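Survey of secondary and tertiary structure
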Amino acid sequence: CLRHGFPLDQSVYDAAAWSSIVPLSEQSVKNRAVLNVPDFTKGKWKTNPRNMDIELKQAGNTQLKK
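By convention here, each chain's residues receive numbers from 1 onward along its written sequence. Per-residue local features are limited, in this predicted model, to residues with pLDDT of at least 70; the limit for side-chain atom pairs, both in listing and counting, is 80 or more; totals at the level of whole chains, interfaces and linings are taken over all residues. For the side-chain quantities, the full set of heavy atoms in the structure was used; hydrogens and water were omitted.

Counting from the N terminus, the helices are the DSSP runs of H or I reaching at least four residues and the strands are the DSSP runs of E reaching at least two. Scanning the protein chain from N- to C-terminus turns up 1 helix and 0 strands. Expressed as a percentage of the 66 residues in the protein chain, the buried residues total 8%. For the protein chain, contacts bridging at least 24 residues in sequence account for 46% of all contacts bridging at least 6. About 6,300 Å² of surface is accessible on the protein chain, with carbon and sulfur atoms providing 56% of the total. Three exposure classes are used, based on accessible area relative to the maximum for each residue type with a 1.4 Å probe and protein chains only: buried under 20%, partly exposed in between, and exposed over 50%. Residue contacts are counted whenever heavy atoms from the two residues lie within 4.5 Å of one another. Per-residue and other accessible areas were derived by the Shrake-Rupley procedure at a 1.4 Å probe size, with only the shown protein chains allowed to occlude residues.

As C-alpha cells, this is what we get:
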C-alpha cells in the first residue's frame, strides 16, 4: 500500500491493540486475572470509517514499481 500510495489496511490504533496482546496476556497469567484490551481510540472506533479495500478495487497488485 505504501509503495503505491494507497491507504493502509491497518491504523496506528490497530497496531497498538495488536501489540498489547502479549504484555496483557503475560500480566493476566501472572496475576490470574482477566484484563481487557484498552480502547486506544477513546471510543472513536465507533464513528471512524474503515478504509479497508476488501475487494481490492484500488490496488490488487503487489508488484514493485520499477
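What follows picks up the thread again.
Grouping into patches uses exposed residues only, defined as over 30% relative accessible area, and leaves out salt-bridged ones; the cut-off is 9 Å for like charges and 5 Å for nonpolar side chains (Val, Leu, Ile, Met, Phe, Trp, Tyr). For salt bridges, the criterion is a side-chain nitrogen of Lys or Arg within 4 Å of an Asp or Glu carboxyl oxygen. Taken together, the side chains of Val-12, Tyr-13, Ile-21, Val-37 and Phe-40 define a hydrophobic patch exposed on the protein surface, amounting to about 460 Å² of accessible area. By the element assignment, Val-12 lies in helix α1 (residues 12-31).

A helix is expected to span 1.5 Å for every residue after the first. Its 20 residues place the ends of α1 28 Å apart at the C-alpha level, agreeing with the 28 Å of an ideal helix rising 1.5 Å per residue. Of all the bends found along α1, the most pronounced is centred on Ile-21 and spans about 35°, while Pro-23, a proline, follows it within four residues. Restricting attention to buried positions, one finds in α1 the residues Asp-14, Ala-17, Ser-20 and Leu-24. In the stretch just after α1, Arg-32 is the one whose phi turns positive, near 50°. Think of it this way: the bend at a residue is just the angle between two axes, each fitted to seven residues, one set ending at that residue and the other starting at it.

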